[in-house]
Amino acid sequence: MKSKRILTMQDLSCVGQCSLTVALPILSRYGIETCVLPTAVLSNHTMFKGWSYLDLTPEIPAIYENWKNNGIKFDAFLLGYLGKSELMELAEKCFDEFSADGAPVIIDPVFGDNGKLYGGFDLDYVAAMRKLIRRADIILPNVTEACFLTETEYRQDYDGNFINLLAEKLAKLTNAEIIITGVEYGGKIGEYIHGKGKGEIIWHELLPVKKHGTGDIFASVFTANYLMGEGVHKCCLAAAKFVTDSIQITDGEHFYGVNFEKILKKS
Ligand code: PXL
């Protein structure tokens with residue numbers, strides 16, 4: 001089988017076990033040629049007390065120019081934390097110019113959690129993402145991101161009806177397959193897969209700790225399985241197991257991420 005080449009577009013946080021430093025090893029481990037488009041270089045992710053930020057947006061036209069001259073195409077795209085609204089148009093340009101036939105676009109919107117936007121994001125960014133997801137084949141928002149994208153008030157407590165409603169509203173914004181991650185109620189956590197009628201939630205054990213970077217790990221394992229031809233249900237199961245195992249193997253003192261490397265080594 002011809003091996004697949006994916007482009008993952010997200011930031012490079014030098015320290016933090018997130019975004020590119022997660023996607024690159026995981027996708028590669030699954031045998032996928034992984035090309036990167038770093039949107040910014042940060043000293044560390046934004047859950048630390050402070051961070052430096054080098055915006056790489058100005059470099060992207062030159063990168064595209066050279067890819068074009070070298071006839072480069074990608075079989076898939078995975079987008080995560082981009083960082084600036086201007087990057088959305090460049091992402092669309094990238095799909096237009098560098099997609100191999102039928103290349104799927106998987107977008108994890110990555111701009112917030114727990115009802116709040118991450119540091120440095122505003123509603124203009126959300127609006128730009130709302131437009132970009134029209135180009136997606138699969139979207140992987142968490143509940144907070146689904147609320148912002150659909151202009152729905154975030155709730156701490158919710159039930160399946162609320163998640164169905166969010167998915168219905170998202171379905172008006174995009175034809176992509178909708179998977180809402182980190183759905184949590186009734187003492188369980190899972191992913192909601194939108195389908196005709198009510199959709200389906202794949203439940204997992206709810207661990208007592210929340211760790212940073214696990215969404216990026218989920219998206220990477222999900223994408224790797226998807227590119228190997230698995231259906232979204234199986235992709236969710238594999239990704240959630242990888243995340244759960246990574247959390248469980250991580251020392252409680254390790255505050256900024258999870259030791260997914262240990263799970264990758266075993267897989
Ligand atoms: O894990 C998501 C993420 C990625 N990149 C950066 C972040 C975050 C979440 O806070 O700050 C720079």
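Residues numbered from 1 in each chain as written. Predicted model: local features only at pLDDT ≥ 70, side-chain atom pairs only at ≥ 80, totals over all residues. Heavy atoms only, no water.

A. Main features of the site of the ligand. In the vicinity of the ligand, 13 residues are found, and the nearest of them are Asp11, Ser13, Thr46, His212 and Asp216. One of the side-chain N or O atoms of aspartate 11 is found 2.8 Å from a nitrogen atom in the ligand. One of the side-chain nitrogen or oxygen atoms of threonine 46 is found 2.6 Å away from an oxygen atom of the ligand. In the complex, the protein chains occlude 98% of the 320 Å² of accessible area that the ligand would expose alone. Taken together, the residues of the shell around the ligand break down into 6 nonpolar, 5 polar and 2 charged. (Near = heavy atom within 4 Å. Polar contact = N/O pair within 3.5 Å; in protein donor to acceptor, adjacent residues only side chain to side chain. Areas by Shrake-Rupley, 256 points an atom, 1.4 Å probe, with all protein chains shown as cover. Nonpolar A, V, L, I, M, F, W, Y, C, P; charged D, E, K, R; others polar.)

B. Examining the packing of aromatic side chains more closely. Taken as a whole and assessed by the stated rule, the structure comprises 18 aromatic pairs. An angle of 85° between the planes, with centres 6.2 Å apart, marks the rings of phenylalanine 111 and phenylalanine 148 as edge-to-face. Taken together, the residues phenylalanine 111 in the loop between strand S5 (105–107) and strand S6 (112–113) and phenylalanine 148 in helix H5 (residues 143–150) connect sequence positions 37 residues apart. The exposure class assigned to phenylalanine 111 is buried, which follows from its relative accessible area of 0%. Measuring from centroid to centroid gives 5.8 Å for tyrosine 158 and phenylalanine 162, while their planes differ by 35°, and the two rings are tilted. Each member of the pair, tyrosine 158 as well as phenylalanine 162, carries the same accessibility label: buried. Counting every residue linked through ring pairs, the aromatic cluster contains Tyr64, Trp67, Phe74, Phe77, Phe95 and Phe98. (Phe/Tyr/Trp six-rings, centres within 6.5 Å; stacked < 30°, edge-to-face > 60°. Helix = DSSP H or I, 4+ residues; strand = E, 2+ residues; numbered from the N terminus. Buried < 20%, exposed > 50% of the residue type's maximum accessible area, 1.4 Å probe, protein only.)

C. Quick look at the pattern of salt bridges. Taken as a whole and judged by the stated rule, the model has 10 salt bridges. Measuring nitrogen to oxygen at the nearest pair gives 3.2 Å for the salt bridge that ties lysine 210 to glutamate 184. Taken together, the residues lysine 210 in the loop between strand S11 (200–204) and helix H7 (214–227) and glutamate 184 in strand S9 (residues 177–185) connect sequence positions 26 residues apart. (Salt bridge = Lys/Arg side-chain N within 4 Å of Asp/Glu carboxyl O.)

D. Broad picture of the side chain of threonine 39. Relative to the helices and strands, threonine 39 resides in strand S2 (residues 33–44). Classification of threonine 39 as buried rests on a relative accessible area of 0%. Among the polar contacts listed, one links the side chain of threonine 39 to the backbone oxygen of leucine 82, at a separation of 2.8 Å. Beyond its immediate sequence surroundings of up to four residues, threonine 39 is in contact with Met9, Gln10, Asp11, Asp55, Leu56, Thr57, Tyr81, Leu82 and Leu87. (Contact = heavy atoms within 4.5 Å.)

E. Seen up close, the sheet that holds strand S10 (residues 188–193). On the basis of which strands lie adjacent, the open sheet formed by 9 strands has the order S3-S2-S1-S4-S5-S8-S9-S10-S11 and mixed pairing. Of all the strands in the sheet, just strand S3 (53–55) and S11 have a single pairing partner and so form its edges. Where strand S1 (residues 5–15) and S2 come together, 9 bridges link them in parallel fashion. In the strand pairing of S2, threonine 8 is matched with valine 36. Packing against the sheet, helix H1 (residues 20–29) makes contact with S1, S2 and strand S4 (76–79), and its axis sits at approximately 140° to S1. Relative to the sheet, H7 contacts S1, S4, S5, strand S8 (138–139), S9 and S10, its axis offset from that of S4 by approximately 170°. (Pairing = 2+ DSSP bridges. Axes fitted to C-alpha atoms, helices over the stretch in contact; angles between N-to-C directions.)

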